[in-house]
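# Observations on the model geometry
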Amino acid sequence: MGAFLFVIAACNDEDDQPPVQPDPEAPNLVEAANEAGLTTLVAAVQAVPGLAPALLNAEAITVFAPTNQAFEAALEAFEASNLNELVERLGGVENLETVLGFHVVPAVAFAADLNANNTFTTLAGQSLDVNVSGGNVTVVDATGATANVVTADVEIANGVVHVIDGVLLPELEDAEEPAPNLVEAATEAELNILLSAVTAVDGLADALLNAEAITVFAPTDEAFAAALEAFNAETLDQLVARIGGVENLETVLGFHVVPAVAFSGDLEATNVFPTLGGQEITVNAGSEGVTVTDALGNTVNVIAADVAIENGVVHVIDGVLLPELSFPNIVEAAVAADLTVLIEAVLAAGLDEALLDAEDVTVFAPTNEAFVNLLAALEVDSLEELIDALGAEAVATVLQFHVVPTVAFSFDLAEGDNEVPTLAGENLTVTRNGSTVTVTDAAGSTYSVVAADVAIENGVVHVIDGVLLPTLD
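These numbers come from a predicted model, not from an experiment.

About the criteria used
Residues numbered from 1 in each chain as written. Predicted model: local features only at pLDDT ≥ 70, side-chain atom pairs only at ≥ 80, totals over all residues. Heavy atoms only, no water. Pairing = 2+ DSSP bridges. Helix = DSSP H or I, 4+ residues; strand = E, 2+ residues; numbered from the N terminus. Axes fitted to C-alpha atoms, helices over the stretch in contact; angles between N-to-C directions. Parallel < 35°, antiparallel > 145°, perpendicular 65-115°, else oblique. Contact = heavy atoms within 4.5 Å. Nonpolar A, V, L, I, M, F, W, Y, C, P; charged D, E, K, R; others polar. pLDDT = per-residue confidence, 0-100. Polar contact = N/O pair within 3.5 Å; in protein donor to acceptor, adjacent residues only side chain to side chain. Salt bridge = Lys/Arg side-chain N within 4 Å of Asp/Glu carboxyl O. Buried < 20%, exposed > 50% of the residue type's maximum accessible area, 1.4 Å probe, protein only. Patch = residues over 30% accessible without salt bridge, like charges linked within 9 Å, V, L, I, M, F, W, Y side chains within 5 Å. Areas by Shrake-Rupley, 256 points an atom, 1.4 Å probe, with all protein chains shown as cover. Lys, Arg positive; Asp, Glu negative; His and termini not counted. Charge placed at Lys NZ, Arg CZ, Asp CG, Glu CD.

A word on the sheet that holds strand 7 (residues 159-164). If you trace the seven strands from one edge of the open sheet to the other, you get 2-1-7-6-5-4-3, paired in mixed fashion. With partners counted over all chains shown, the strands left at the sheet margins are strand 2 (104-105) and strand 3 (117-121), one partner each.

The interhelical angle for the contact between helix 17 (residues 383-390) and helix 18 (residues 392-400), taken along N-to-C directions, is 110°, at an axis separation of 6 Å. Relative to helix 18, the element helix 17 is oriented roughly perpendicular. In this structure, helix 17 contributes L386, I387 and L390 to the contact, and helix 18 contributes A392, A394 and V395. Along the lines of polarity and charge, the residues of the contact of helix 17 with helix 18 split into six nonpolar, no polar and no charged.

In this section: the confidence of the model for the protein chain. When pLDDT is averaged along the protein chain, the result is 92, and 94% of the positions lie at 70 or above. Scored below 50 in pLDDT, residues 1-18 shows 32 contacts in the model against residues more than four places distant or in partner chains.

Relative to the assigned elements, E79 resides in the loop between helix 4 (68-77) and helix 5 (83-90). Put simply, E79 and I309 are 230 residues apart on the chain and 9.6 Å apart in space, counted from C-alpha to C-alpha. When residues no more than four places from it in sequence are discounted, the contact partners of E79 are E85, R89, A179, I309, E310 and N311. For E79, the side chain forms a polar contact with the main-chain nitrogen of E310, separated by 3.3 Å.

Applying the stated criterion across every chain, the model contains two salt bridges. Here D412 ties to R242 by a salt bridge, and the two come within 2.4 Å at their closest N and O atoms. Of this pair, D412 sits in the loop between strand 16 (403-404) and strand 17 (416-420) while R242 sits in helix 11 (residues 236-242); the two residues are 170 residues apart in sequence, bridging distant segments of the chain. One salt bridge connects E415 with R432, and the closest N-O pair in it is separated by 3.4 Å. In this pair, E415 is assigned in the loop between strand 16 and strand 17 and R432 in strand 18 (residues 428-433), connecting sequence segments 17 residues apart. Residue R432 is classed as buried on the basis of its relative accessible area of 19%.

Turning next to the pairing of strand 8 (residues 214-219). Strand 8 sits mainly inside the fold: six of its six residues count as buried. A two-sided burial pattern is seen for strand 8, the buried positions comprising I214, V216 and A218 on one face and T215, F217 and P219 on the other. Relative to strand 14 (residues 312-317), strand 8 runs parallel, the two being bridged by six bridges. When the bridges of strand 14 are listed, V216 appears paired with V314. Pairing of strand 8 with strand 9 (residues 257-258) involves two bridges; the strand directions are antiparallel. Within strand 9, the residue paired with T215 across the bridge is V258.

A separate point is helix 18. Residues three or four positions apart in an α-helix share a direction because the helix packs 3.6 residues into each turn. Along helix 18, the positions that sit buried rather than exposed are A394, V395, A396, V398 and L399. For helix 18, the elements touching its buried residues are helix 14 (340-348), helix 16 (368-377), helix 17 and strand 16.

Here seven strands make up an open sheet; going across it, the order is 9-8-14-13-12-11-10 and the pairing mixed. Both edges of this open sheet fall to strand 9 and strand 10 (270-274), since each of them pairs with a single strand only.

With that out of the way, let us pick up the side chain of T367. Position of T367 relative to the elements: it lies in the loop between strand 15 (361-366) and helix 16. On the basis of relative accessible area, T367 is assigned to the buried category, the value being 15%. Once residues within four sequence positions are removed from consideration, T367 is found in contact with L339, V450, V463, I464 and D465.

Here the focus is a negative patch on the surface. Together, E344, D381, E384, E385 and D388 make up a negatively charged patch on the protein surface. Checked against the element boundaries, D388 lands in helix 17.

Shown next, in the form of structure tokens:
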């Protein structure tokens, strides 16, 4: 352990009192540690051949002794489940000896011997800072981390023990750094759009961070940029709208996560993995690298493999993987939005099949309150009376006036007025002012879009607060 050397660099004047001397009748270090319940420290010392006898036979020592809870925190920080794994993470028994030696000063320093600021040379050959303030004693290690003395001045036969609430770390060679969590790793890799997408789904980030074991195929920002272009979207929000909302975004993101740990060295030539999205991906490994194939048959490349994280591994990929996504049809979307009067009107006019079978549609869908207001304005009590008053053909024309034979999300609209054709054969004026969209009918009445961009199988639905009226004969 080298020659015993003790250096104190103090910022305050020396104490005039003579230093306290150890009691040779006191227990030895191992006995005192066992009596204090420091069983993990004892096990660590015994794991280094010859260290226990060296400490017991040393002329004079001060030991900063971590509690079992301090060692548990160190195990967690280094992703180790036991002392043997911690030794491996530290870089072997030699580094463990350095760590333990970093807790021992080859001289006796009771609390009363300390000045406000002290620098000790330890048995590890590295300096340790010990500070006293207001009766509290703290110890600062080589990483800048601070541990507190929770029990001071435990006398032993050849010195003194101060119990501390942290494991002190010296400078080590070949020690493994604690793995980052998924968010930290993605931040380090500058996967900014992926992080934005994950945080857009409530609870997803926490679920991934707390998962027991995961493998994440993480698209780069360039991969997301290509996906935006493919979906004719300028922002992540627009992409989310085009793929069917946050629920489908969660499916897409879950499709990139396998609930098990698979480093590249664990892969067979061909692997089929279930994902958190409920669908399978195919991962192929060969001499030219690793590729991933999605549900649509698209293949992307792993461009940075085996980024270890706290609960698994990340493989960075150059494309966004797409699962099979489900969209409601127009009737299902109307039911989900509780547009019951609109559904009744569409069925009464016999337009349901035409809307369901249309290739591309944008539907401006009036709320139930909108229909109630129309009935009151026309002084009729029910949809049946409205059909009797206007005629079935006229009601069909009114409904067709709400349907544009193309797909137009709100962000597809030009700023200002847009004249758009309808299935009724008459144009509708749709006005966008920033994120606000209004619709003006043939009579000049203007209504607001109260819920925009509900993606459906063959287009999009915008819910509006009025019934649009075309020119009726």
